[in-house]
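# Fold and geometry: a report
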Amino acid sequence: ELLGAFLTGIVGPILYLLIDRYLSKQKDKKKDKLRESIIEGNLIDDELISIKEEYKSDRVWIAQFHNGGNFYPTGKSIQKFSIFYEVSNPGVSSISHIFSNIPCSLYPKAFQHMMENKGIFIPNFNDPKVATHGLKGAAESVGTKSSYVLPLFTLDNKYIGTFGVDYVGKRKKLTKEEWEHLQILASRLAGYISSYLEK
């Protein structure tokens, strides 16, 4: 009886966990991660195209945070960001190759502001009354005249990236309703990205 109880109470659940773990690994091996990445990329790309058209903007992009190596000699992780998704109008320069593997320490004011769940509203980079949160130099280098940047959070409130809408050809001031709607769209994009990251 003691042996039966031991097998039923201890060995059975352990055996179940081991078999479950093995089957999960086999299932993961069968997944085509490249295929999943391409499908997810197309989904997000379609969303960005739709937003660009709706807002009549010149460029729409998403940057995500990632680990970019380690500090010497402590080995502490270097926090960086890169633009992973971008759509732009013909003739408008792409910025994804410029903003790739950039240390977060270069834009502390912008990231601190967005970490507090606030967006950055810049209808005119040349207006001295508008807070640019340290983004003016970057905007000028790529010809951006107006920019609207929103933070992306997971459901458990982890800051995973930023979403931006840029105007290059001419300045554009969003209305209150447009800005509020853009915040809803940013939340939806954050949902897509966090869902993909958790798969």
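What comes next is a walk through the structure. (Residues numbered from 1 in each chain as written. Predicted model: local features only at pLDDT ≥ 70, side-chain atom pairs only at ≥ 80, totals over all residues. Heavy atoms only, no water.)

### Notes on the pattern of salt bridges
The following threshold applies: Salt bridges are defined as contacts in which a side-chain nitrogen from Lys or Arg sits within 4 Å of a carboxyl oxygen from Asp or Glu. Helix and strand labels come from DSSP, where a helix needs a run of H or I of at least four residues and a strand needs a run of E of at least two; each type is numbered from the N terminus. Think of it in three bands: with a 1.4 Å probe and only protein chains considered, a residue is buried below 20% of the maximum accessible area for its type, exposed above 50%, and partly exposed in between.
Applying the stated criterion to the full structure yields eight salt bridges. Two residues, arginine 59 and aspartate 166, come together in a salt bridge whose shortest N-O distance is 3.0 Å. Separated by 107 residues along the polypeptide, arginine 59 in strand S1 (residues 59-70) and aspartate 166 in strand S6 (residues 159-167) bring together distant segments of the chain. Residue arginine 59 is classed as buried on the basis of its relative accessible area of 0%. Accessibility expressed as a relative area gives 4% for aspartate 166, which makes it buried. Two residues, glutamate 178 and lysine 172, come together in a salt bridge whose shortest N-O distance is 3.7 Å.

### Digging into the layout of surface pockets
Rules: Any residue with an atom within 4 Å of a point lines the site, the site being either a cavity, points on a 1 Å grid over the protein atoms alone where a 1.4 Å probe fits but cannot get out, or a pocket, an open set with protein on both sides within 12 Å along at least 5 of 7 lines. Grid points are joined across faces, edges and corners, and a volume is the space filled by probe spheres set on the points.
The volume enclosed by the largest pocket comes to roughly 160 Å³. Lining the largest pocket are Asn117, Lys118, Gly119, Leu150, Pro151, Phe153, Gln183, Ala186, Ser187 and Ala190. Elements supplying a minimum of two residues to the lining of the largest pocket: strand S5 (146-153) and helix H5 (176-198). A total of four residues in the lining of the largest pocket trace back to one element, the largest contributor, which is H5.

### Description of the side chain of serine 147
The following threshold applies: As used in this structure description, the phrase polar contact means that two N or O atoms lie within 3.5 Å; if the pair is within protein, one of them must be able to donate a hydrogen and the other to accept it, and residues adjacent in sequence are counted only when both atoms belong to side chains. Working rule for contacts: check all heavy atoms of both residues, and any pair within 4.5 Å makes them a contact.
Here serine 147 is to be found in strand S5. Judged by relative accessible area, which is 6%, serine 147 ranks as buried. Of note is the side chain of serine 147, whose polar atom sits 2.7 Å from the side chain of aspartate 166. Excluding residues within four positions of it along the chain, serine 147 makes contact with Ile120, Phe121, Ile122, Phe125, Val165 and Asp166.

### So, the side chain of threonine 162
On the secondary structure map, threonine 162 appears in strand S6. Exposure remark for threonine 162: the relative accessible area of 5% places this residue in the buried category. Sequence-distant contacts of threonine 162, defined by excluding residues within four places in its chain, comprise Trp61, Ile62, Ala63, Phe111, Met114, Val149, Leu150, Pro151 and Leu152.

### Examining the packing of helix H2 (residues 33-55) against H5
Threshold: In this analysis, axes come from line fits to C-alpha atoms, helices being fitted only over the stretch in contact, and the angle between any two N-to-C directions falls in the range 0 to 180 degrees. An angle below 35 degrees is treated as roughly parallel, one above 145 as roughly antiparallel, one from 65 to 115 as roughly perpendicular, and anything else as oblique.
Orientation of H2 relative to H5, taken along the N-to-C sense of each, is 175°, at an axis distance of 11 Å. On the basis of the axis angle, H2 is roughly antiparallel to H5. Between H2, through Glu36, Ser37, Glu40, Leu43, Ile44, Glu47, Leu48, Ile51, Glu54 and Tyr55, and H5, the contact on the second element is made entirely by Glu178, His181, Leu182, Leu185, Arg188, Leu189, Tyr192, Ile193 and Tyr196.

### Things to note about the pairing of S1
Formally: For two strands to be treated as a pair, DSSP must find at least two bridges joining them.
Two elements, S1 and strand S2 (residues 77-88), share 10 bridges in a ladder whose sense is antiparallel. The residue bridging phenylalanine 65 from the neighbouring strand is phenylalanine 81, located in S2. Between S1 and the antiparallel strand that follows it, S2, lie six residues; glycine 75 among them carries a positive phi value of about 80°. With six bridges connecting them, S1 and S6 associate as antiparallel partners. Note on S6: the bridge partner recorded for valine 60 is valine 165.

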